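Results of the structural survey
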Amino acid sequence: MEELLGIIKGRRSIRRFKPDPIPEGDLVEVLEAATWAPSAGNAQPWRFVVVRDPELRGKLVAAALGQGFIAEAPVVVVVCVDLERARRAYGERGETLYCIQDTAAATQNMLLIAHAKGLGTCWVGAFSEEKVRTALALPEGLRPVAIVPMGRPAEEPRPRPRRPLEEVVEYR
Ligand SMILES: Cc1cc2nc3c(=O)[nH]c(=O)nc-3n(C[C@H](O)[C@H](O)[C@H](O)COP(=O)(O)O)c2cc1C
């Protein structure tokens, strides 16, 4: 328990990366952890596009309002929703809500296991879906929902403040 809480609290958004490559085994374990996230009806409506190609990483920067640190990371995982899978089990609710929650849970798993392995990540959500789709030649049925650059951290940011429990929790 303590160990997991330590990993959760120790994770930071990392926006400066060393160019060192990520060991293949680490990347596979990070992706595997993503697939162990819960999903509504176990639909697993996710697709992970692993981008290493420098030119494509540059295109992701352009798609993400010029957030240059994305291309600094040796690996960038683009988390996508498979819309057909999302729709199949639960119709509109599956497509508009559950799949977003499912892929968010998968993304958080990735961030945590990456941190536990000494890798830095940042959850990037500010991007043009259309530009990402074009850059990666994604079919219409795949909706990109998060961009996750990953690599050895080249910074040690201080923790961002959290709102206190009294402010965010209600007991009834
Ligand atoms: C849905 C979502 C979208 C985010 N989008 C961006 C982004 O586009 N660029 C960025 O630098 N950070 C982004 N972040 C990271 C947040 O800024 C960061 O998690 C927050 O400031 C707390 O800092 P911490 O992750 O170090 O605890 C995003 C985080 C989430 C969950």
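All of the points below concern the structure found in this document. Throughout this description, residue numbers start from 1 for each chain and increase along the sequence as written. Given that the model is predicted, a residue must reach a pLDDT of at least 70 before its local features are reported, and side-chain atom pairs must reach 80 or more before they are shown or counted; all residues, however, enter totals for whole chains, interfaces and linings. Hydrogens are left out, water is left out, and the side-chain values use all remaining heavy atoms of the structure.

A separate point is the overall build of the protein. For the protein, the helix and strand inventory stands at seven helices and four strands. Seen in sequence order, the protein has helices and strands lined up from the N terminus as α-α-β-α-α-β-α-β-α-β-α. The quantity called the radius of gyration is restricted to C-alpha atoms. Its globule counterpart is 2.2 Å times the number of residues to the power 0.38. Whereas a compact globule of 172 residues would reach a radius of gyration of roughly 16 Å, the protein reaches 16 Å, a difference of no more than 12%. Principal-axis analysis of the C-alpha atoms gives the protein an extent of 50 × 45 × 30 Å. Working definition: with a 1.4 Å probe on protein chains only, accessible area under 20% of the residue-type maximum means buried, over 50% means exposed, and in between means partly exposed. Relative to its full complement of 172 residues, the protein shows a buried share of 38%. Any pair of residues with heavy atoms lying within 4.5 Å of one another is described as a contacting pair. Restricting the contact set of the protein to residue pairs at least 6 apart, pairs at least 24 apart contribute 77%. Only the protein chains shown count as cover for residues, and all accessible areas are computed by the Shrake-Rupley method using a 1.4 Å probe. Entry remark: accessible area of the protein is about 10100 Å², with carbon and sulfur atoms responsible for 53%. Charged side chains in the protein number 24 positive and 23 negative. The centres of these two groups are separated by 3 Å. In this text, helices come from DSSP runs of H or I with a minimum length of four residues, and strands from runs of E with a minimum of two, each type numbered from the N-terminal end. The sign given to each residue is positive for Lys and Arg and negative for Asp and Glu; His and the chain ends receive no count. Charge placement uses NZ in Lys and CZ in Arg. For Asp and Glu, CG and CD serve respectively.

Another aspect to go through is the nonpolar core. Leu-60, Ile-70, Val-78, Val-124, Val-132, Leu-136 and Ile-147 are the most contacted members of the largest nonpolar core, which totals 21 residues. The residues contacting Val-124, other than those within four sequence positions of it, are Ala-64, Gln-67, Phe-69, Ile-70, Ala-146, Ile-147 and Pro-149. We call a set of buried Ala, Val, Leu, Ile, Met, Phe, Trp, Tyr and Cys residues a nonpolar core when their side-chain atoms join them within 4.5 Å. Among the nonpolar cores identified, the runner-up in size contains 19 residues, and Val-30, Met-110, Leu-111 and Met-150 belong to it.

For the rest of this paragraph, the subject is unusual backbone geometry. Even without a glycine there, the phi angle at Asn-42 is positive, about 55°. Turning to its location among the elements, Asn-42 is positioned in the loop between α2 (24-35) and β1 (46-51). Residue Asn-42 is classed as exposed on the basis of its relative accessible area, which comes to 51%. For Leu-65, which is not glycine, the phi torsion reads 55° and is therefore positive. If you trace the backbone, Leu-65 turns up in the loop between α3 (54-63) and α4 (69-72). We classify Leu-65 as exposed; its relative accessible area is 67%.

On to the site of the ligand, then. By nearness alone, 13 residues border the ligand, and Ser-13, Arg-15, Gln-67, Trp-123 and Arg-160 come closest of all. N or O atoms closer than or at 3.5 Å make up a polar contact, with two conditions inside protein: a donor-capable atom paired with an acceptor-capable one, and, for residues adjacent in sequence, both atoms drawn from side chains. Between Ala-126 and the ligand, the recorded distance is 3.1 Å, taken from a backbone N or O atom to an oxygen atom. Interatomic distance of 3.0 Å between a side-chain N/O atom of Arg-162 and an oxygen atom of the ligand. Throughout, the ten residues Ala, Val, Leu, Ile, Met, Phe, Trp, Tyr, Cys and Pro are labelled nonpolar, Asp, Glu, Lys and Arg are labelled charged, and all others, Gly among them, are labelled polar. Here the residues of the shell around the ligand sort into five nonpolar, three polar and five charged. Only a single heavy atom is needed: when it lies within 4 Å of a molecule or strand, its residue is near that molecule or strand.

By themselves, these observations are geometric and do not establish any function.
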